[in-house]
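# Observations on the model geometry
Next come the chains, spelled out residue by residue.
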Amino acid sequence: MKETYFNNEKLPLIIEPNGVGTSKAELLRWLATNKGVFTKKFYESGAVLFRGFDIDTPTDFETLALQVDPRLKNDYYGTSPRNIVKGTNFIYTASELPSFYPIMQHCEMSYVKEPPITLFFYCHVEPQYGGETPLCNFRKVYEQLDPKIRDEFDKKGVMTVRNYSGLEQKSRFNLFELKKWNELFNTTDRAEVERQCHEQEIEYSWQNNGNLRLIHKTPATIKHPVSGETVWFNHTQVFQPSAAPVEYEYIHARQHRAKTLFWSLLTKAMVKMKNLTTQPINQSMNVLFGDGTAIPDSYVKHIEDVIWKNLIIIPWKKNDVIAIDNFSTAHGRLPYEGPRQILVCWSAAPAPSKSPPTGGTF
């Protein structure tokens, strides 16, 4: 196999056929033989892109993901609408959000009790325009944050707030509202929702209008379970309202389209209106400091600036598969045009050993 890196930051590591051997079976054999060194380099880089192999179907993708990490799960307490792919046990559509909607950089489900360990994305239908899944080394983001801002997050931690509408209450006009609480928990039984919240250590409260508020209080960072490095690990740059206009400004600077300018201006106006009419705790999604105080917009702008400084953007090619270390590397989605089908799966289990297996050669 051919091993290269996308850039001098070594993110991601790219594995391609070395002239011959593009079959799924050959890739699986190679992974089994070289598991130790592959695992070591995966954690060092933060992501591995498999490109040029015959991963033609969602079941091929599932087989490859299980070879890399057999701990695949389908528990999902995130916010993006997702649908399971027929004929698979663990494969989902990556997101059903509209194509114009950007997804800011994040480590998947950073706020839950047991976040995913490894994420896998698969390009089944290559986008015609845009639609990249950028990557960002969140170890570097933490290192490069302004020390004053970083120290405040270290001291206070974060409080992630999500407000889900009741069974009949979802608004047609709230673009920030993603799903109803029964869609998140896959049940209309409040007792079952409460059981899952207790199990997942989620603070919950039923609101007078039938809505459900979920609160997660967590540190703003984690220690990487293998390297021990400190990693920026929260959703401030995703859920805090002022993040979206900043993201669109960067996207417009990259794509230079009338549509991105329109959405940039509209989002800025909508966020301003929302902040004037809705208390932070009542907004669909928000991240506050752990003591309940608001995170200044200037802090969010600074975090986004550091993220975009370190962003890696690689266009998708059909049959690409990327494995991401969720404890070090963030991902997102840029707006796109035309057909696009990216599928996802993830592993979840006790954190990986601090001494990953070694042995084998590339």
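Residues numbered from 1 in each chain as written. Predicted model: local features only at pLDDT ≥ 70, side-chain atom pairs only at ≥ 80, totals over all residues. Heavy atoms only, no water.

### Here we look at the environment of Pro296
Mapped onto the secondary structure, Pro296 falls in the loop between strand S15 (285-289) and helix H11 (297-309). Overall, Pro296 belongs to the partly exposed group, its relative accessible area being 30%. Sequence separation of Pro296 and Val125 is 171 residues, and the distance between their C-alpha atoms is 39 Å. Pro296 has contacts with Gln240 and Phe289, leaving out every residue within four places of it along the chain. (Helix = DSSP H or I, 4+ residues; strand = E, 2+ residues; numbered from the N terminus. Buried < 20%, exposed > 50% of the residue type's maximum accessible area, 1.4 Å probe, protein only. Contact = heavy atoms within 4.5 Å.)

### Some points on the packing of aromatic side chains
In the structure shown here, the tally under the stated rule is 14 aromatic pairs. For the ring pair Phe153 and Trp232, a centre distance of 4.9 Å and an interplane angle of 80° mean the geometry is edge-to-face. Placement of the pair is Phe153 in helix H5 (residues 147-156) and Trp232 in strand S14 (residues 230-232), with a sequence separation of 79 residues. With a centroid separation of 6.4 Å and an interplanar angle of 75°, the aromatic rings of Phe289 and Tyr299 are classed as edge-to-face. Remark: Tyr299 occurs in helix H11 and Phe289 occurs in strand S15; sequence separation between them is ten residues. Relative accessible area serves as the criterion here: at 1%, Phe289 is assigned to the buried category. Ring pairs connect the aromatic residues Phe38, Phe42, Tyr43 and Phe50, which therefore count as one cluster. (Phe/Tyr/Trp six-rings, centres within 6.5 Å; stacked < 30°, edge-to-face > 60°.)

### What about the pairing of strand S20 (residues 341-347)?
Among the seven residues of S20, six are classified as buried, and the element is accordingly described as predominantly covered. Pairing analysis gives two bridges linking strand S4 (residues 72-73) to S20, with the strands arranged antiparallel. Across the sheet, Lys73 pairs through a bridge with Trp346, a residue of S20. Relative to S20, strand S5 (residues 92-93) runs antiparallel, the two being bridged by two bridges. (Pairing = 2+ DSSP bridges.)

### Considering unusual backbone geometry
In this chain, Leu11 is followed by Pro12 through a cis amide linkage whose omega measures -5°. Mapped onto the elements, Pro12 comes out in the loop between strand S1 (2-5) and strand S2 (13-16). Backbone geometry at Met109 places phi at a positive 50°, although glycine is not the residue there. Residue placement: Met109 occurs in the loop between strand S6 (103-106) and strand S7 (118-125).

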